[in-house]
Amino acid sequence: MKVSVIGSGYVGTTLAACLADLGHEVTNVDIDEDAVAAIEDGVAPIHERGLDELVAEYGGTRLRATTDYATASKANIVFIALPTPTDERGRIDTSIITAGTEQLGEVLGEAEEMPLVVVKSTVTPGTTERELIPALEETSGATAGEEFDVAVNPEFLREGSAVSDFLHPDKVVFGATADRAFETLDELYDPLVAQTDTTVVRTGVREAEMIKYANNAFLASKISLINELGNICKEFGVDAYEVADAIGLDERIGSQFLRSGVGWGGSCFPKDVAALIAAARETGYEPELLEAVVGVNDRQPERLLSLLDDHVDVEGERVAVLGLAFKSGTDDVRSSRAIPTIEGLLNRGADVVGYDPVAAENMRAQFPDIEYAESAADALDGAIAAVVVTDWDEFAALDGEFDAMKRPVVVDGRRIVEPRDGIEYEGLTW
C-alpha cells in the first residue's frame, strides 16, 4: 500500500520505517528539512535502537521523505503523527496537530480518491471528532463518513525499544466507525498480524483514544507504586528488589515495571498522565489516585539527593551525574529525571558534570553551562560524588573508574552499579 506519515519524530519515523519493512511504500512528510534530507540519505534523524538499520535499508527507496504535503494526496492511508504537548495546566495543546490536519485537508481536497486518515498522535477522548474531523472537512471540502474516513490507531511504543515494540506488539488497536476503515487497516497491518498472531482490537474512535491514556496511566501508576514500596523498604532496611521479585511471581501483578528507582520520564508518561488528569477535571471528576502517582514520581529525584546529603556536602564540589536521557537506549531528555536532579545539585552549589552515551547534546540545550564529559571515567575523575540516573549497561561495567574520584560516594537511582569495598554505595530504594 502507499502510505504517508505526517511527522518525522520518534513515533513518525519509527512508524514509517517499520511499515516500509512490512513491504509498503512510505513517505514521511515533515517541515524539518534536515530530517527529510537525513531519511532520504538513509540516515535516521533520531537515536532509536534498530532504527538506523531500517532507515539505511529503505531510505531513498521504499522509505522516502519530503516537505511537500501534496504527496499525501497520492496515498491510500495517511497517518498523522504530530506532537500534542501539554500546557501549564496539563491540557493537550492541539495547535500543531490541528495545523497539520488543515494542511493535509487542503491537498486531500484535490485528490482523485480520498485516503483513509489515521490519527496516530495521542489525543484525549473526543479530540478527533471535535477538532480534527471538522478541520479536515473544512479544508478539503469533503464530508467525513461519505467521501473520506478517519480512524484512530494509537501507538504503544517505548523509546529505546520502539522498533521491537512495533514489530512484536502486544496488541494493535483500531478505532473507527466505518467498515471500510477497518478493512483498510486490516490490509495495512496484515503482514504484521500474520507474522506475530497479535490481537487486533476493533473499537470506537473515543475508545481507541482512551485506551492509549489508560495504558500509560496504568503503567505509570505501577512504577510509582513500586517506587513507593521501595521507599518503605528502604526505611525498614529491606531489599526492595527481592520483594519485587517475589510479588512479580503473582500473575495478577506480573514482573514487568517492578524495578524501583528514580522514577519515570520521557515524552509519554508525564504528558499523558497530566493530560488525563486535566481532562478528567474538566468533566468534574477529581482523579486523586493519578495525582498521587505524579506526586510520588516528582519526589524521587529529591529523595535521591537527600541520600547524597547524608554522605557529603556538595557545595563547591564536583558531582558526576551518570545518565541524562530519560531511559537507556534513547537520546530523549524530555522529562528526564536527570533534569530535577541537576537542578537540585545546582541549588546545593555543586559543580555538576554530566555524562550520557548519546543524550549530552540534547541536555546541553537545557543546561548549557554545566560540564559534559566524554566518558563516565572523565566525569568521575576528581568528583566527590556520583549519582546514577539512567541505567545504561556501560555503568554496570564501571569499577576502577571510581578509584579516581576525590571521594567515592555513589548514590544509585537505578541499581546498575555493583557495590564493592572502597565505594560508599547507597541505593535509592534498597
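In what follows, the structure referred to is the one given above.
Keep in mind it's a predicted model, so treat the numbers as computed, not measured.

Novice: When you look at the nonpolar core in this model, what are you seeing that I'm missing?
Specialist: Within the largest apolar cluster, 56 residues are counted, with the highest numbers of intra-cluster contacts made by Leu-308, Leu-322, Leu-324, Leu-345 and Phe-395. Setting aside residues up to four positions removed in sequence, Phe-395 forms contacts with Leu-322, Gly-323, Tyr-355, Ala-376, Val-388, Thr-390, Ile-416 and Val-417. Counting 42 residues, the second-largest nonpolar core is a separate cluster that includes Ala-17, Leu-157, Phe-166 and Leu-192.

Novice: How should I be thinking about the environment of Glu-25 in this particular structure?
Specialist: Assignment of secondary structure puts Glu-25 in strand E2 (residues 25-29). A residue is classified by how much of its surface remains accessible, and Glu-25, at 49% relative accessible area, is partly exposed. Along the sequence, Glu-25 and Thr-61 sit 36 residues apart, while their C-alpha atoms lie 8.3 Å from each other. Once residues within four sequence positions are removed from consideration, Glu-25 is found in contact with Met-1, Lys-2, Val-3 and Arg-62.

Novice: Quick question: what am I supposed to make of helix H12 (residues 338-347) here?
Specialist: Side chains that are three or four residues apart share a direction in an α-helix, a result of its 3.6 residues per turn. Among the residues of H12, those classed as buried are Ala-338, Ile-339, Thr-341, Ile-342, Gly-344 and Leu-345. Its buried side turned inward, H12 meets helix H11 (288-311), strand E9 (318-322), strand E10 (351-355), helix H13 (360-364) and strand E12 (385-388). Two residues or fewer after H12 comes Gly-349, characterised by a positive phi angle close to 85 degrees.

Novice: What should I look at first to understand the pairing of E12 in this one?
Specialist: Consecutive residues of a regular strand have side chains that alternate between opposite faces of the sheet. Burial along E12 is two-sided: the residues Ala-385 and Val-387 and Ala-386 and Val-388 are all buried. Looking at chain direction, E9 and E12 are connected through four bridges and run parallel. By the bridge assignment for E12, Leu-322 is matched with Val-388. By the bridge criterion, four bridges tie E12 to strand E13 (residues 409-412) in an arrangement that is parallel. In the strand pairing of E13, Val-388 is matched with Asp-412.

Novice: What exactly am I supposed to notice about a negative patch on the surface here?
Specialist: Negative charge collects at one region of the surface, where Glu-102, Glu-106, Glu-110 and Glu-138 lie side by side. Turning to its location among the elements, Glu-102 is positioned in helix H4 (residues 95-108). By relative accessible area, which is 34% here, Glu-102 ends up partly exposed.

Novice: Which parts of the structure should I look at to understand the packing of helix H5 (residues 127-140) against helix H8 (residues 205-236)?
Specialist: For any two helices packed against each other, one specifies the inter-axial angle together with the distance between the axes. Contact geometry of H5 with H8 gives a least axis separation of 9 Å together with a crossing angle of 110 degrees. Accordingly, the angle class assigned to the pair H5 and H8 is roughly perpendicular. Here Thr-127, Thr-128 and Glu-129 of H5 lie close against H8, whose contacting residues are Val-205, Arg-206 and Glu-209. Classifying every residue of the contact of H5 with H8 by side-chain character gives one nonpolar, two polar and three charged.

Novice: Where do I start with the packing of H8 against H11 in this structure?
Specialist: For the pair H8 and H11, interaxial distance at closest approach is 9 Å and the crossing angle is 45 degrees. In terms of their interaxial angle, H8 and H11 are classed as oblique. The handedness of the crossing between H8 and H11 is left-handed. Here Ala-217, Ala-220, Ser-221, Ser-224, Asn-227, Glu-228, Asn-231, Lys-234 and Glu-235 of H8 lie close against H11, whose contacting residues are Leu-290, Val-293, Val-296, Asn-297, Gln-300, Arg-303 and Leu-307. For the contact of H8 with H11, the class distribution of residues is six nonpolar, six polar and four charged.

Novice: I would appreciate a short explanation of the pattern of salt bridges in the present structure.
Specialist: Think of it this way: side chains of opposite charge can pair up when their charged atoms draw near. As enumerated under the stated definition, the model contains 25 salt bridges in all. Across the salt bridge formed by Glu-40 and Arg-64, the nearest N and O atoms sit 2.7 Å from each other. Of the two residues, Glu-40 sits in helix H2 (residues 33-40) while Arg-64 sits in strand E3 (residues 63-66), which places them 24 residues apart along the sequence. Put simply, Asp-239 and Arg-415 hold a salt bridge, and the shortest N to O gap is 2.7 Å. Highlighted residues: Asp-239 in the loop between H8 and helix H9 (240-247) and Arg-415 in the loop between E13 and strand E14 (424-427), separated in sequence by 176 residues. Judged by relative accessible area, Asp-239 falls into the partly exposed class, the value being 24%. For Arg-415, a relative accessible area of 27% puts it in the partly exposed group. When salt bridges that share partners are traced, they join Glu-159, Asp-332 and Arg-334 into one network.

Novice: Honestly, the sheet that holds E9 in this entry has me stumped. Any pointers?
Specialist: Each strand in a sheet pairs with another by means of backbone hydrogen bonds, the pair being arranged parallel or else antiparallel. Pairing is parallel across the open sheet formed by six strands, whose spatial order is E11-E10-E9-E12-E13-E14. Both edges of this open sheet fall to strand E11 (371-372) and E14, since each of them pairs with a single strand only. Here E10 runs beside E11; their pairing, made up of two bridges, is parallel. From the neighbouring strand, Val-353 faces E11, where its bridge partner is Glu-371. The strands touched by H11 within the sheet are E12, E13 and E14, with E13 carrying the most contacts at an inclination of about 160 degrees.

Novice: Help me understand the packing of aromatic side chains, please; the structure alone is not making it clear to me.
Specialist: The description of two aromatic rings rests on the distance between their centres and on the angle between their planes. Throughout the structure, instances matching the rule amount to five aromatic pairs. Geometrically, the ring pair formed by Phe-166 and Tyr-189 is tilted, given 6.3 Å between the ring centres and 35 degrees between the ring planes. In this pair, Phe-166 is assigned in helix H6 (residues 162-167) and Tyr-189 in helix H7 (residues 179-196), connecting sequence segments 23 residues apart. Judged by relative accessible area, which is 6%, Phe-166 ranks as buried. Taken together, a centroid distance of 6.2 Å and an interplanar angle of 80 degrees make the contact between Trp-264 and Phe-269 edge-to-face. Phe-269 carries the same exposure label as Trp-264, and that label is buried. Site record: aromatic cluster; members linked through ring pairs are Phe-166, Phe-174 and Tyr-189. Positioned above the aromatic ring of Phe-156 is the side chain of Lys-171, whose terminal nitrogen or guanidinium carbon lies 4.3 Å from the ring centre. In this arrangement the basic side chain of Arg-415 is found over the ring face of Tyr-241, its NZ or CZ atom lying 4.6 Å from the centre.

Reading the values: rules and limits
Residues numbered from 1 in each chain as written. Predicted model: local features only at pLDDT ≥ 70, side-chain atom pairs only at ≥ 80, totals over all residues. Heavy atoms only, no water. Core = buried A, V, L, I, M, F, W, Y, C linked by side-chain atoms within 4.5 Å. Buried < 20%, exposed > 50% of the residue type's maximum accessible area, 1.4 Å probe, protein only. Contact = heavy atoms within 4.5 Å. Helix = DSSP H or I, 4+ residues; strand = E, 2+ residues; numbered from the N terminus. Pairing = 2+ DSSP bridges. Patch = residues over 30% accessible without salt bridge, like charges linked within 9 Å, V, L, I, M, F, W, Y side chains within 5 Å. Areas by Shrake-Rupley, 256 points an atom, 1.4 Å probe, with all protein chains shown as cover. Salt bridge = Lys/Arg side-chain N within 4 Å of Asp/Glu carboxyl O. Lys, Arg positive; Asp, Glu negative; His and termini not counted. Charge placed at Lys NZ, Arg CZ, Asp CG, Glu CD. Axes fitted to C-alpha atoms, helices over the stretch in contact; angles between N-to-C directions. Parallel < 35°, antiparallel > 145°, perpendicular 65-115°, else oblique. Nonpolar A, V, L, I, M, F, W, Y, C, P; charged D, E, K, R; others polar. Left-handed = near helix turned anticlockwise from the far one by under 90°. Phe/Tyr/Trp six-rings, centres within 6.5 Å; stacked < 30°, edge-to-face > 60°. Lys NZ or Arg CZ within 6 Å of the ring centre and 35° of its normal.

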